[in-house]
Amino acid sequence: MNDLKLAWRNIWRHTRRSILTMMAIGFASLLLVFMLSFQFGSYESMIDASVKLSTGHLQVQAAGYNEKPEMRKVVPNPGVVMDILSRTPGIEAFTARSQTFVLASSEDRTRGIMVMGVNPETEKGVLSIATLIREGEYLSPRAPNTVIIGTLLARRLKIGVGRELTILGQSRNGSIAATVVTVGGIFKTGIDEVDRSTVQMLLSDFDALFAMDGAVHAIVATARELLQVGEVKKALQNDPGLKDLAVLDWVDLSPGLKQSIQLDLVSGIIMYLILIIVVAFSIMNTFLMAVFERTREFGVMMAIGTTPRRLVKVMLMESMFMTGMGLLFGMLAGAALTQYFAQVGIPMGGAADLMAQYGISGRIFPRLSWATLLIGPAMIGVVTFLTALVPALRIPGLKPADAMKAV
Amino acid sequence: MNAVTVSDVSKIYTQGDVKVMALNKVSLKVDAGEFVAIAGPSGSGKTTLLNLIGGLDSPDTGHISVNGKAFEKMSSGDLAELRLTQIGFVFQSYNLIPVFTAEENVEYILQLQGVGKKERKQRARAMLDDVGLEGKYDRKPSQLSGGQQQRVAVARSLVSNPTIILADEPTANLDSVNGESLLQTMREMNEKHNVTFIFSTHDAMVMEASKRLITMKDGAIAGDQVK
């Protein structure tokens, strides 16, 4: 017989009330585990979409290029950078890329656009534009002087596959760069900005046209896992071979994406706090009732020599038992539910079809991790413990004689 | 040395705007081994006096000491320790811990004293045997009759070998058979262990069985008769 036994048995004095309290804690934990996993899963989908369609997880660029892209800010020896990337653990694929703004003219119209030089072989491993060709074909080394253009741009220039496009710009050395290329394919990413203003050509054509002399503007890489990006970035930043270059991750490259994730996370946290407060009131009610109901008993126990401190300890043990069982139930059920949906995914409704076009799953897969499993329940645990402390701390203020008069 | 010394003790309770003089300059000495009944009508101050002697409440004026220890010099922790080691309580409505068995209720005091598991089990069972509850060790209070519960309460008050037992109307909720039996048990404990018993009571049977009868009226001692 000990205080643990006393606390345990006290819980079951009001079985229904205790079970309801534990279920309130359990369902709140379940919700938090699932919702946090869902949120992190959706962030991964958002990042995945951004990475697949534009930035990659990481880029190596000339210092200052990301802040102010200029033709002359180049990675002079891309082969060296790619050697380093090929032996860096965690890197899945990489490709070199150059880009600049030019004037593109069809027979009827002229538009300012971005022309991007890519290596079609390595580009496929990093970006998914190759899968988004709606008409014609993707770039091929066997078809030089061919470009692919976005659907909106094609419409604006009134141009189609097989038609010619004149490109006029400035080369790296400041001279005029001009050429005529053939439209080999038309792509649709669904991102209007890209579809309206992007032309892709072979990196070798870009190199010749803009006198790049073998230099490129960026080496774009993807990591095996999103969570590895930070680690890989650090490893690359510490590599002496890249000391004069900038290593940027998707956060640096798409700060807006990070901000929208943060905004969503904050609104989620506010909702979770409200949920936790509701649970806190539930457990406070249980413990206030317990203290009121057992005031007489506390008086008797103090009369026979139990110190108030010991009674507080027993009350807190009761709180911890109930909270612990509720949290355990919530974590197990939350993990099971999350794992189920992590396998089958949650359809995104109307957005699903759109996403699927771009090679991104139209379902959100909740992502269970130690963080999503523990953060919510830990918050509930701390709050319920503090909440239980409030009624428990009434005990030391009781006078045995007065307490024994309580009904 | 007196087991209990009460000197000029007064206690006033405030109920709303009304002040009630529960005890008015009460003085009393009880020697070790006495079997004392405090009688008087409701509101005469019996329970208040017992609560003050047990350190469950504090007097507004006056001094109380138990076994030579003056309460006014003691902290609430010291008083809890004194109650644990030297004073046993028996209450009118038993006041057992409902989630414990009879044996665990008795054992609990010994656990508070830090007695080892094996010894406290032995002592608890021996004490329950002494009060006539052999074989009822595992019964919860709800599974015992009122008389049996009160016997558990007596066993609980005696198991820690206190020098003084304070019993607040212990037979009030019992029928005459159970009341007489309990009284007999307490009398035996008094004689066997030389434990000082102080009762508050309305019960003529308890008054009859006592060796000293103190009568109270309006918060003061109206009579003190040694038999």
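See the structure above.
All values derive from a computational prediction rather than experimental measurement.

Each value, and the rule that gives it
- Residues numbered from 1 in each chain as written.
- Chains lettered and ligands numbered in written order.
- Predicted model: local features only at pLDDT ≥ 70, side-chain atom pairs only at ≥ 80, totals over all residues.
- Heavy atoms only, no water.
- Helix = DSSP H or I, 4+ residues; strand = E, 2+ residues; numbered from the N terminus.
- Buried < 20%, exposed > 50% of the residue type's maximum accessible area, 1.4 Å probe, protein only.
- Contact = heavy atoms within 4.5 Å.
- Salt bridge = Lys/Arg side-chain N within 4 Å of Asp/Glu carboxyl O.
- Buried area = accessible area lost by both parts, 1.4 Å probe.
- Polar contact = N/O pair within 3.5 Å; in protein donor to acceptor, adjacent residues only side chain to side chain.

S.K.: Describe the environment of alanine 93 of chain A, naming the residues involved and giving the relevant values.
M.R.: All names here are of chain A. With respect to the helices and strands, alanine 93 occurs in strand S2 (residues 91–105). For alanine 93, a relative accessible area of 14% corresponds to the buried category. Through-space distance from the C-alpha of alanine 93 to that of arginine 224 is 8.4 Å; in sequence the pair is 131 residues apart. If we ignore the near neighbours within four places in the chain, the residues touching alanine 93 are Gly125, Val126, Val220, Ala221 and Thr222.

S.K.: Tell me about the pattern of salt bridges, and please be specific about residues and values.
M.R.: All names here are of chain A. Under the defined criterion, the tally for this structure stands at 27 salt bridges over all chains. One salt bridge connects glutamate 44 with arginine 367, and the closest N-O pair in it is separated by 3.2 Å. Note that glutamate 44 is positioned in helix H2 (residues 15–55) and arginine 367 in the loop between strand S12 (363–364) and helix H14 (370–392), a separation of 323 residues in sequence. Note that arginine 87 and aspartate 239 form a salt bridge whose closest N and O atoms lie 3.9 Å from each other. Of this pair, arginine 87 sits in the loop between helix H3 (78–86) and S2 while aspartate 239 sits in the loop between helix H8 (229–237) and strand S10 (245–249), and the two are 152 residues apart along the sequence. Classification of aspartate 239 as buried rests on a relative accessible area of 16%. Connected via shared salt-bridge partners are Lys68, Glu70, Arg72 and Lys73.

S.K.: So what's going on with the interface of chain B and chain A? Which residues, and what values?
M.R.: At the junction of the two partners, chain B supplies 26 residues and chain A supplies 23 residues. Counting each side, the surface lost to burial between chain B and chain A is near 2300 Å², with a carbon and sulfur contribution of 59%. It is Leu56, Val99 and Tyr108 of chain B in chain B that bury the most area against chain A; as a group they hold 23% of the surface buried on that side. Along the contact surface separating chain B from chain A lie three salt bridges. Our enumeration of links across chain B and chain A arrives at nine residue pairs in polar contact (both at pLDDT 80 or more). Listed by contribution, the elements that provide at least two residues to the side of chain B that touches chain A are helix H2 (76–86) and helix H3 (102–112) of chain B. If one sorts the elements of the side of chain B that touches chain A by residue count, H3 of chain B sits on top with six residues.

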